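# Examination of the molecular architecture
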Amino acid sequence: MGSSDIHPRNQAAKNSIVRTVNQVRQATEPVYLRKIFRLKQVRQLTPEAYVLRFDRNEINFRAGQHITLGIPGNNQVREYSIYSTEQDASLEVLIKEVDSGLVSRQLRKLIPGELLEVDGPFGYFTIAAQDLQRKFLFVGTGTGIAPFRSMAGSYPALDFSVLHGVRYATESYERHHFPHDRYTLCTSRDDQGNFRGRVTDYLKQKSLDFDTLVYLCGNCDMIYDVYDLLTSRGFPSGNIKTEVYF
Ligand SMILES: Cc1cc2nc3c(=O)[nH]c(=O)nc-3n(C[C@H](O)[C@H](O)[C@H](O)COP(=O)(O)OP(=O)(O)OC[C@H]3O[C@@H](n4cnc5c(N)ncnc54)[C@H](O)[C@@H]3O)c2cc1C
């Protein structure tokens, strides 16, 4: 979805349609069209979250886009935002293993040297060249921080601040990728972040410049809540861009 006045609920529906189409396509495409990459490194960040690194091969992407990943032959793929920057020689994704999830658990078991099925890049959760001089507010929950790490690293002169919502401060992942004064960690279940509470609680206390471009990424509840909070205060819906993970 581009910056638009479409409510993010409609994007969630669109994502599920895209996934269904992808699954049909995966089931009918001949195997030789799929890209098989070799895993180079696994970085375990918390007991559940890990970063997979592999060669870029011919994948050229714009910060904010995602790829699909799966185990070759398993016929199941999922979308993952690209975590690394446009300039990095390798490609990285940040994944949280979901309890009773299928692919996030399969990927977690991979060890360096094993193979991955990769496709993409896909998506429009990106920054248009003409907007690079504008001011940004990035709001992500959990691994929804991934596209913002890519944007911040890809565009070092970007004027942004990032709000990261997690349960515990240990889930701040690799926050050192963000300048200290641009990153605010909102923790809902401990006092070890910069703010105790949800990102919506934080935003309720803040005034917002209506020229800011707001990017929201992560679970749909956060996205709906922040979208409704901002638009109810008169913030232009056309300045809000969303990426719904689940
Ligand atoms: C555009 C896009 C980008 C995405 N980027 C990332 C990313 O960078 N990193 C990442 O970890 N995930 C990302 N996701 C989510 C990812 O595609 C999978 O949905 C997730 O890994 C679960 O897949 P699974 O096969 O393990 O679980 P499934 O077997 O598909 O689903 C199990 C259940 O878990 C729920 N679920 C999905 N994700 C989560 C979650 N994070 N926490 C709790 N419950 C969840 C699902 O709604 C479902 O009910 C992205 C999704 C989209 C649409």
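For clarity, every value in this text was computed on a predicted model and none was experimentally measured.

Attention now goes to the nonpolar core. Nonpolar side chains tend toward joint burial in soluble globular proteins. Membership of the largest hydrophobic core comes to 53 residues, with the highest contact counts inside it found for Leu69, Val93, Phe138, Val139, Leu216 and Val226. In terms of residue count, the dominant contributor to this core is helix 5 (residues 220-232) (five residues). Counting contributing residues per domain, this core is built from domain 1 (13-122) and domain 2 (128-244), each supplying no fewer than three. Not counting the four nearest positions on each side in its chain, leucine 216 is found in contact with Val139, Ile223, Val226, Tyr227, Ile240 and Thr242.

The next thing to look at is the environment of lysine 35. If you trace the backbone, lysine 35 turns up in strand 1 (residues 35-44). C-alpha separation for the pair lysine 35 and leucine 115, spaced 80 residues apart in sequence, amounts to 10.0 Å.

So, on to the environment of leucine 102. Take leucine 102: it is sitting in the loop between strand 5 (90-96) and helix 2 (103-108). With 26 residues separating them along the chain, leucine 102 and glutamine 76 place their C-alpha atoms 8.5 Å apart.

Burial runs high along strand 5: five of the seven residues are buried. Where strand 2 (residues 49-55) and strand 5 come together, seven bridges link them in antiparallel fashion. Residue pairing across strands places arginine 53 opposite glutamate 92, the latter belonging to strand 5.

Around the ligand, the structure places 22 residues, and the nearest of them are Glu79, Gly101, Val103, Ser104 and Phe246. Within the residue set of the shell around the ligand, elements represented by two or more residues are strand 4 (78-81), strand 5 and helix 2. Class assignment of the residues belonging to the shell around the ligand gives a composition of ten nonpolar, seven polar and five charged. Looking at the shell around the ligand, you find at least three residues from each of domain 1 (13-122) and domain 2 (128-244).

Strands sit in the order 10-9-8-7-11-12 across an open sheet of six strands; the sheet is parallel. Looking at the sheet topology across the chains shown, the edges are occupied by strand 10 (195-196) and strand 12 (240-244). As defined by bridge partners, strand 7 (residues 135-141) adjoins strand 8 (residues 159-166) across seven bridges and the pair is classed as parallel. The residue of strand 8 that forms the bridge with phenylalanine 138 is valine 162.

Before going further, it helps to examine the sheet that holds strand 5. Strand order across the open sheet formed by six strands is 4-3-6-1-2-5, with antiparallel pairing between neighbours. Both edges of this open sheet fall to strand 4 and strand 5, since each of them pairs with a single strand only. On average, each strand axis in the sheet is tilted by 40 degrees relative to the strand beside it, whichever way the strands run. Two elements, strand 1 and strand 6 (residues 115-122), share four bridges in a ladder whose sense is antiparallel. Paired with lysine 35 across the bridge in strand 6 is valine 118.

Criteria and cut-off values
Residues numbered from 1 in each chain as written. Predicted model: local features only at pLDDT ≥ 70, side-chain atom pairs only at ≥ 80, totals over all residues. Core = buried A, V, L, I, M, F, W, Y, C linked by C-beta atoms within 7 Å. Buried ≥ 20, exposed ≤ 12 C-beta atoms within 10 Å, placed from the backbone. Helix = DSSP H or I, 4+ residues; strand = E, 2+ residues; numbered from the N terminus. Domains from an automatic or database assignment. Contact = placed C-beta atoms within 7 Å. Pairing = 2+ DSSP bridges. Near = placed C-beta within 6 Å. Nonpolar A, V, L, I, M, F, W, Y, C, P; charged D, E, K, R; others polar. Axes fitted to C-alpha atoms, helices over the stretch in contact; angles between N-to-C directions.

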